[in-house]
Amino acid sequence: MTVSTQPNLIQFLQDDLAISAASIKVALKHSEQDPGPLPMILWQYGLVTLEQLEQIYDWMEAA
């Protein structure tokens, strides 16, 4: 994921999947310590369901 798509991804997470800003902030903080794709970090920490994870990756493919 490029840096330019990150704001769009965050907007998608909040608007379409109703992921809270606090959850996204937690995931971003963890990604600084353990770099990896933001969607996977959200899933690993239980902040999104497997179904939501699939929706995120579908959105990323289409973006």
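It should be emphasised that the depicted structure is a prediction, and the values quoted were computed from it without experimental measurement.

Together, E51, E54, D58 and E61 make up a negatively charged patch on the protein surface. Secondary-structure assignment places E61 in helix α4 (residues 50-62). Overall, E61 belongs to the exposed group, its relative accessible area being 69%.

Checked against the element boundaries, A27 lands in helix α2 (residues 21-33). Taking relative accessible area as the criterion, A27 reaches 0% and is therefore assigned buried. Look past the residues within four positions of A27 in its chain and what remains in contact with it is L38, I41, L42 and L47.

Criteria and thresholds
- Residues numbered from 1 in each chain as written.
- Predicted model: local features only at pLDDT ≥ 70, side-chain atom pairs only at ≥ 80, totals over all residues.
- Heavy atoms only, no water.
- Patch = residues over 30% accessible without salt bridge, like charges linked within 9 Å, V, L, I, M, F, W, Y side chains within 5 Å.
- Areas by Shrake-Rupley, 256 points an atom, 1.4 Å probe, with all protein chains shown as cover.
- Salt bridge = Lys/Arg side-chain N within 4 Å of Asp/Glu carboxyl O.
- Lys, Arg positive; Asp, Glu negative; His and termini not counted.
- Charge placed at Lys NZ, Arg CZ, Asp CG, Glu CD.
- Helix = DSSP H or I, 4+ residues; strand = E, 2+ residues; numbered from the N terminus.
- Buried < 20%, exposed > 50% of the residue type's maximum accessible area, 1.4 Å probe, protein only.
- Contact = heavy atoms within 4.5 Å.

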